[in-house]
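If you want the building blocks of each chain, they are given just below.
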Amino acid sequence: MMKQSLLKPNNYNAVFFALRTTIVSLIALGIAFWMELGEPQWAAMTVWIVAQSSRGMSHSKGKWRIIGTLGGVIAAIILIASFPQYPWLFFIALALLSALCTGLSSITHNFRSYALVLIAYTCAIISLSALERPDQVFNVAVARGTYIILGVVCEMVGGMICVPNSARNALEDLHKRLSNLMGDSAKAIAGVLRGKEGSVDKLSTLLSSLQGFNDGLEFIRSATQRAGGDTDRAHIVLTLVAVVLSRGLGLHSRIMSVGDLPENIKNDLDFLADKLEELPDILAIRGQGAIAIDKLEELKSYSNKKLKQYLMKDDDASLKGGIIFSGVEFFVKDFIVALSGHHFDKKQYPLTQYHKLKRQPDWRLAIANGLRTIVAILLGALIWEVTAWNEGAAYLSLIAVVCTRFATFDNTVLISRLFFYGALLAVIASIIPVFFIIPLTSSFVLFGTFVGFMMFLGGLALRYPPTSVIAASFSNFFPWVLGLDNQTRLNELNWFNTSAVLLLALWSGVVVFQIILPFSAPQAWRTLRRHLVGGLKQLIVRSTHVPKMAQIDWVADTASRMEQVFRYAGQLPEHHLNAMVKGTLSIMTVGRNLLVLENFAQMGRLPQEVAQEGEKLVRELIKPVSDESIAGPPSALDLHSSLSYLRKILINSQSFSERRDIVLALGALIIVRFEFSASRIFLTETVIFTGKSEGLG
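The structure presented is a predicted model; accordingly, all values stated were derived computationally and were not measured.

Caption draft 1: Highlighting the overall build of the chain. Each helix and strand counted, the chain has 28 helices and zero strands in total. Contacts spanning at least 24 positions in sequence make up 78% of the contacts within the chain whose residues lie at least 6 apart.

Caption draft 2: Broad picture of the packing of aromatic side chains. Taken as a whole and assessed by the stated rule, the structure comprises 12 aromatic pairs. Ring geometry for F33 and F444: centres 6.0 Å apart, planes at 75°, overall edge-to-face. You can see F33 sitting in helix α1 (residues 2–34) and its partner F444 sitting in helix α18 (residues 444–462), a full 411 residues away along the chain. Given the relative accessible area of 19%, F33 is considered buried. Ring geometry for F331 against F335: centres 5.7 Å apart, planes inclined by 50°, an arrangement best described as tilted. In this pair, F331 and F335 both sit in helix α13 (residues 316–343), four residues apart, roughly one turn of the helix. The two residues F331 and F335 agree in class, both being buried. The cationic tip of R177 hangs over the ring face of F213; the distance from NZ or CZ to the ring centre is 4.0 Å.

Caption draft 3: Molecular detail of the nonpolar core. By size, the foremost hydrophobic cluster in this structure holds 97 residues, and its most contacted members are L207, L210, L269, L276, I324 and F335. No other element matches helix α9 (residues 228–257), which puts 13 residues into this core. Residue contacts for I324: discarding those within four places in its chain leaves L251, R254, I255, V258, L261, I265 and L269. Among the nonpolar cores identified, the runner-up in size contains 95 residues, and W42, A76, A130 and V137 belong to it.

Caption draft 4: Highlighting the side chain of S127. Among the secondary structure elements, S127 is positioned in helix α5 (residues 110–129). Judged by relative accessible area, S127 falls into the buried class, the value being 0%. Here S127 is in contact with A76, I80, F90 and L94, once residues within four sequence places are set aside.

Caption draft 5: Main features of helix α19 (residues 468–481). The terminal C-alpha atoms of α19 lie 20 Å apart, and with 14 residues this matches the ideal 20 Å at 1.5 Å per residue to within 8%. Counting buried residues along α19, 12 of its 14 residues qualify, which places the element largely inside the surrounding structure. Listed as buried for α19 are V469, A471, A472, S473, F474, S475, N476, F477, F478, P479, W480 and V481. Backbone geometry just after α19 places G483 at a positive phi near 60°.

Caption draft 6: Broad picture of α13. With 28 residues, α13 should reach 40 Å at 1.5 Å per residue; the first-to-last C-alpha distance of 41 Å fits that figure. Burial analysis of α13 places 22 of its 28 residues in the buried class, which makes it a mostly covered element.

Caption draft 7: Quick peek at the confidence of the model for the chain. Averaged over every residue, the pLDDT of the chain is 78; residues scoring 70 or more account for 84%. The low-confidence segment residues 1–9, where pLDDT is below 50, has zero contacts with residues more than four positions distant or belonging to other chains.

Caption draft 8: Just the pattern of salt bridges, in detail. The final tally for this structure, using the stated rule, is eight salt bridges. D274 is the salt-bridge partner of R194, the closest N and O atoms lying 2.3 Å from each other. Within this pair, whereas R194 is found in helix α7 (residues 166–194), its partner D274 is found in helix α10 (residues 263–276), the two being separated by 80 residues in sequence. Judged by its relative accessible area of 37%, D274 is partly exposed. Linking E278 and K295 is a salt bridge whose minimum nitrogen-to-oxygen distance equals 3.3 Å. Here K295 lies in helix α12 (residues 289–311) and E278 lies in the loop between α10 and α11 (279–283), a separation of 17 residues in the sequence. When its relative accessible area of 30% is taken as the criterion, E278 is described as partly exposed. Taken together, the shared-partner salt bridges in this structure form one network comprising R194, D270, D274 and E277.

Caption draft 9: Quick look at the side chain of Q41. Mapped onto the secondary structure, Q41 falls in helix α2 (residues 41–50). Exposure remark for Q41: the relative accessible area of 4% places this residue in the buried category. Ignoring anything within four residues of it in the chain, the contact list for Q41 reads L29, P479, W480, G483 and L484.

Caption draft 10: Examining unusual backbone geometry more closely. Despite not being glycine, A388 shows a phi value in the positive range, around 55°. With respect to the element layout, A388 can be found in the loop between α14 (363–387) and α15 (392–406).

Caption draft 11: Region of interest: a nonpolar patch on the surface. A cluster of nonpolar side chains, namely Y86, W88, L89, I92, L96, V375, L379, L382, I383 and V386, defines an oily patch on the protein surface of about 890 Å² accessible area. Contributing elements (two or more residues each) for the nonpolar patch: α4 (87–106) and α14. Per element, the largest residue contribution to the nonpolar patch is five residues, and it comes from α14.

Caption draft 12: Expanded view of the packing of α15 against helix α20 (residues 492–515). Between α15 and α20, whose axes approach to 8 Å, the crossing angle comes to 45°. Viewed along their axes, α15 and α20 adopt a mutual orientation that is oblique. The handedness of the crossing between α15 and α20 is right-handed. Within the contact between the two elements, α15 uses A394, Y395, L398, I399, V402, C403 and F406 and α20 uses V501, L502, L504, A505, L506, S508, G509, V510 and F513. The class makeup of the residues in the contact of α15 with α20 is 14 nonpolar, two polar and no charged.

The rules behind each value
- Residues numbered from 1 in each chain as written.
- Predicted model: local features only at pLDDT ≥ 70, side-chain atom pairs only at ≥ 80, totals over all residues.
- Heavy atoms only, no water.
- Helix = DSSP H or I, 4+ residues; strand = E, 2+ residues; numbered from the N terminus.
- Contact = heavy atoms within 4.5 Å.
- Phe/Tyr/Trp six-rings, centres within 6.5 Å; stacked < 30°, edge-to-face > 60°.
- Buried < 20%, exposed > 50% of the residue type's maximum accessible area, 1.4 Å probe, protein only.
- Lys NZ or Arg CZ within 6 Å of the ring centre and 35° of its normal.
- Core = buried A, V, L, I, M, F, W, Y, C linked by side-chain atoms within 4.5 Å.
- Expected span 1.5 Å × (residues − 1).
- pLDDT = per-residue confidence, 0-100.
- Salt bridge = Lys/Arg side-chain N within 4 Å of Asp/Glu carboxyl O.
- Patch = residues over 30% accessible without salt bridge, like charges linked within 9 Å, V, L, I, M, F, W, Y side chains within 5 Å.
- Areas by Shrake-Rupley, 256 points an atom, 1.4 Å probe, with all protein chains shown as cover.
- Axes fitted to C-alpha atoms, helices over the stretch in contact; angles between N-to-C directions.
- Parallel < 35°, antiparallel > 145°, perpendicular 65-115°, else oblique.
- Left-handed = near helix turned anticlockwise from the far one by under 90°.
- Nonpolar A, V, L, I, M, F, W, Y, C, P; charged D, E, K, R; others polar.

Below, the structure written as structure tokens:
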């Protein structure tokens with residue numbers, strides 16, 4: 001039912017986007033012809049490059065495209081002026097500049113990354129076009145800038161006309177997406193309470209989606225200046241949702257670690273799950289946030305009542321209930337904070353300024369993309385030098401374009417091949433206008449009818465995820481292959497040379513990205529392992545100069561790592577990807593429960609020795625081991641003395657608050673021990689890649 005309900009609006013949006021962008025690109029092309037610009041196709045290409053599904057994204061990309069173009073113009077003039085008679089010094093300087101921009105674009109996000117790419121390939125296009133006539137570099141740069149600004153302005157104006165009320169729609173969409181996210185979170189955690197299969201997978205998927213959602217808030221801010229406070233608040237709410245989802249993972253570990261549950265505890269958990277499953281329908285209605293919060297307040301009172309019942313008894317069944325419901329109580333409290341932050345304004349419910357979710361930089365990827373770009377450009381320069389090819393400048397320019405563009409994607413090997421296929425389709429589609437329409441008529445209407453139809457098809461494919469990369473390449477290169485000009489037309493030989501240059505440059509980029517530091521599953525695992533181990537080491541550091549990481553920061557950092565894991569989809573075998581996801585979730589749970597122990601000990605609510613027991617487990621976890629040593633449990637897993645000590649304090653205490661602290665500590669120690677095996681296997685490389693990790697839980 002959900003897929004059917006979403007199908008029509010998605011199809012409508014795709015058709016509207018393709019039609020609007022096609023019309024705007026033809027208008028930009030017509031204006032470029034009317035202004036008698038030398039290469040009018042660049043105006044149409046810019047429209048397709050800038051066009052996005054939302055006004056905020058288009059505004060942001062247009063702004064950064066102009067900034068990147070101006071940066072490339074300045075860089076091109078400097079390079080030409082610096083090496084007028086030294087072509088190989090120029091090639092080396094161009095390769096280094098492109099590598100720097102490519103590497104930096106790999107560790108930035110959104111369209112700032114695109115601006116860095118634009119600096120590199122705009123510089124390449126302008127400087128190589130003016131290499132044999134350096135005195136004309138300023139004129140070439142001005143022409144290039146004119147195309148870009150014309151395309152950006154046309155797309156922005158077209159968007160304002162065709163998409164009215166974009167600011168209001170963006171804010172409504174933000175509210176709806178946040179409400180849906182919280183409803184989905186409640187439903188997934190209800191599944192955890194019932195022990196429903198697949199609930200942890202849903203939680204991990206939601207966690208991995210938070211970083212992309214967080215990045216997209218920039219576009220809502222760009223769509224309307226009035227959304228600044230709303231987007232700032234949404235950043236905080238997303239971090240709070242990450243904590244709620246991590247609490248859900250903790251509940252799963254609590255339930256699994258205590259063993260078989262008595263029937264009365266199962267009934268209590270089913271009651272809580274029933275109430276949580278009511279939240280998605282309530283949150284789907286605008287203005288019902290207060291009702292959802294009241295429901296959660298009822299659940300908080302219920303869980304607190306049950307916790308008191310279980311904690312004031314000393315039998316094993318009651319201890320299990322205390323361990324579970326102490327986690328439930330914290331989960332409900334955090335959920336109330338997240339919901340209140342979303343549905344009430346700052347005056348009604350002020351929020352602490354938590355850190356935003358931050359995408360973690362991948363320096364290895366940045367270095368790899370920089371080296372690939374250097375090799376590709378210098379190899380292209382060598383081919384041009386040796387062959388004296390008259391299309392060498394165009395070939396080298398396109399190599400710079402494709403290599404820098406490839407670097408903005410995570411799955412570079414797959415993306416580079418798809419980009420090649422899209423360019424090949426552009427070459428094939430250009431046959432009819434080049435050979436049959438342009439030679440027979442000078443009518444822009446007839447020409448625009450066919451070209452516009454092909455652009456429209458490309459726009460439809462651009463909105464369909466499986467074909468979006470191919471369509472992006474097609475839309476970018478189709479106007480370029482046409483070789484449009486006010487004074488001349490592209491003859492058959494020139495068309496063949498232009499097409500051959502494009503395909504050869506793309507093929508060269510594909511080969512370089514597949515050969516130079518290619519992606520491998522062991523390398524992806526080692527990178528993730530290194531980051532997670534570094535985080536665990538920070539949790540157990542005892543230096544007074546390094547502050548302890550807060551729970552919310554640990555959750556936010558690990559959620560970002562989770563998003564990185566999901567970006568490996570399509571490059572890793574499914575069982576390896578699942579192992580990485582489950583291992584990351586396990587380590588997230590271990591780290592958060594260790595922080596619980598340390599925070600309670602620091603506040604004097606627990607003996608310091610209890611936190612040290614958790615730290616011993618983590619030290620054992622990250623210590624290098626061989627495959628054989630995994631079979632036997634390490635000595636650090638023997639927590640009998642600590643658990644017995646806590647049980648003794650629990651029995652002798654009559655204070656509810658003290659008993660709750662002790663039960664939380666007991667639960668945290670048991671969870672860390674429970675997750676130890678899964679985390680340990682995950683952190684052992686040879687086990688992961690012999691296929692023994694498929695059953696991680």
